[in-house]
Amino acid sequence: MTFKDLGLSDSILKAVEEKGYTKPSPIQEKAIPHILKGKDILASAQTGTGKTAGFTLPVLQYLSETKHPKYRPLRALVLTPTRELAAQVYDNVREYSKYLNIYSAVVFGGVKATKQIATLKRGVDILVATPGRLLDLHDQKAVSFKRVDVLILDEADRMLDMGFVRDINKIISFMPAKRQNLLFSATFSNDIKKLAAGILRNPVSVETAPQNSTAKKVTHKVYKVDKKRKTELAIKLIKDNNWSQVLMFTRTKHGANKLTQKLIKAGISAAAIHGNKSQGARTKALKNFKENTIKILVATDIAARGLDIPLLPHVINYELPNVPEDYVHRIGRTGRAGAAGEAISFVCSEETEYQNEIEKLLQEKLKSTILEDFEPTDTAPPKRAATQSKKSFGKKNKGGENSRDSNKKRAAETSSTSKRKPKRKPHFKGNKPNGATSGRGRTGAPKKKRF
Ligand code: ADP
Ligand code: MG
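Before going into details, it helps to say that this report is about the structure given with it. (Residues numbered from 1 in each chain as written. Chains lettered and ligands numbered in written order. Predicted model: local features only at pLDDT ≥ 70, side-chain atom pairs only at ≥ 80, totals over all residues. Heavy atoms only, no water.)

Quick word on the packing of aromatic side chains
As enumerated under the stated definition, the model contains six aromatic pairs in all. Looking at Lys14, its charged tip hangs above the ring of Tyr99, at a distance of 4.1 Å from the centre. The ring of Tyr318 has Lys230 sitting right over it, with the charged end atom 5.8 Å from the ring centre. (Phe/Tyr/Trp six-rings, centres within 6.5 Å; stacked < 30°, edge-to-face > 60°. Lys NZ or Arg CZ within 6 Å of the ring centre and 35° of its normal.)

Here you go:
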């Protein structure tokens, strides 16, 4: 099967070829024909399997097939949970539409709205946006959804986690009822199915990976260690093994900052990426990490989700996530494309319950090791067991200390409605017709893929 067999136009084929793609990925092969037929789609495939092109290519084809009025009403809207993801999807849209007469733009929070408003007013065919900022702009009448006939929800599972359902529904309420809906997600939870049921019409389900499956070649390794000695252990492992590119996960933004500082103090180049960092700092950290100018990227789950982070030999869970599904997402960053990867987790006594939940989800025991000189001495009771009933544990964002505010917190990590005051320099990038590019520096190392 080739891209040509899928019925894509020559202009799109040319752009795809220039990207170096030789054939469609499995999810693209399955999804594109249905999307071209105008069907609604519920699609799930692991991270890194080419979902972006899976929806972008057929939507661009559709947009380019219709006549363009002088003023371009917004016809295709892509919603993403985070700013980085919006920027990334937009980069793809620009590349694939290089040879088409299509206007595209991206809007997200954390940057001034002035330029975004100006670009929207000039008219765009396809817009990539985070929900909070988009609603702001809609409130200001900078954009209308009245002519939208394709709606794409990317990383829909994350949007649910982050509490964007209300925003999404509000946005949809301004759209015509008759439209095509495409929902893409890395996982297929029951909540996703519920969301889909409310939005999609007779959708075709497209799935290419078993639910919550982890990459085959990943080895899981747990180091049992006292909480207060985790940083020391990290430094030792990184130095002893001479690791040069490691993605580390912490549960909190504060934790990410603290760890980053300690690593730097120990002579290891590191940067943190999380929602309290300015957009500029986040972009820079990711770029430096991709280009290998820093060795360690310390991230919170939200910040890392959906990012085009290169595939890495090592991912370290400095702390286990308290939502077991997040473990799957985290380690999705390693061991891909047939290469072996190692998912390392530091587990202190408080976290044993989290480990149990992860093992339950994976249906696999994680191999535990104790490093000499790092023998755990703490006997603190597991957090979960101590603070809440077992019943609610494991449900996404519904339990314990991570509960109530979790959605809000997660949302605050991105351009949600809670962050409406623009603080920083405009970061907006409007696409011009006929492929003119405005100088951008967001490319970094080429993304590795799973196929
Ligand atoms: P996902 O959204 O599924 O996580 P992406 O859409 O971000 O994945 O794609 C992952 C990487 O694969 C990107 O670098 C993209 O350029 C690349 N890619 C997409 N489609 C193909 C293809 N058909 N052949 C080769 N590489 C591809
Ligand atoms: Mg994606």
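Let's talk about the sheet that holds strand β11 (residues 296–299)
One open sheet holds the seven strands; their spatial order is β10-β11-β9-β12-β13-β8-β14, and the pairing between them is parallel. The open sheet has two edge strands, β10 (270–273) and β14 (367–369), and neither has a second partner. Going from strand to strand, the sheet's axes swing by 25 degrees on average, the running direction of each strand aside. Pairing of strand β8 (residues 218–224) with β14 involves three bridges; the strand directions are parallel. Along β14, the bridge assignment pairs Lys221 with Lys367. Running over the sheet, helix α11 (residues 253–265) touches β9 (246–249), β10 and β11 and is turned about 170 degrees from β10. Sheet contacts for helix α15 (residues 352–362): β8, β13 (341–347) and β14; angle to β8, the most-contacted strand, approximately 165 degrees. (Pairing = 2+ DSSP bridges. Helix = DSSP H or I, 4+ residues; strand = E, 2+ residues; numbered from the N terminus. Axes fitted to C-alpha atoms, helices over the stretch in contact; angles between N-to-C directions. Contact = heavy atoms within 4.5 Å.)

Remarks on the sheet that holds strand β2 (residues 76–79)
Sheet strands pair via backbone hydrogen bonds, and the direction of the pair is either parallel or antiparallel. With parallel pairing, seven strands are arranged side by side in an open sheet as β3-β4-β2-β5-β6-β1-β7. Strands with a single pairing partner mark the edges of an open sheet, and in this sheet they are β3 (104–107) and β7 (204–207). Taking each pair of neighbouring strands and ignoring which way they run, the sheet shows an average axis angle of 15 degrees. Bridging between β2 and strand β5 (residues 150–153) involves four bridges; their strand directions are parallel. Bridged to Leu79 within β5 is Leu153. Running at roughly 165 degrees to β7, helix α2 (residues 26–36) makes contact with β1 (41–44), β6 (180–185) and β7 of the sheet. Packed on one face of the sheet, helix α4 (residues 83–96) meets β2, β3 and β4 (126–129) and runs near 175 degrees to β3.

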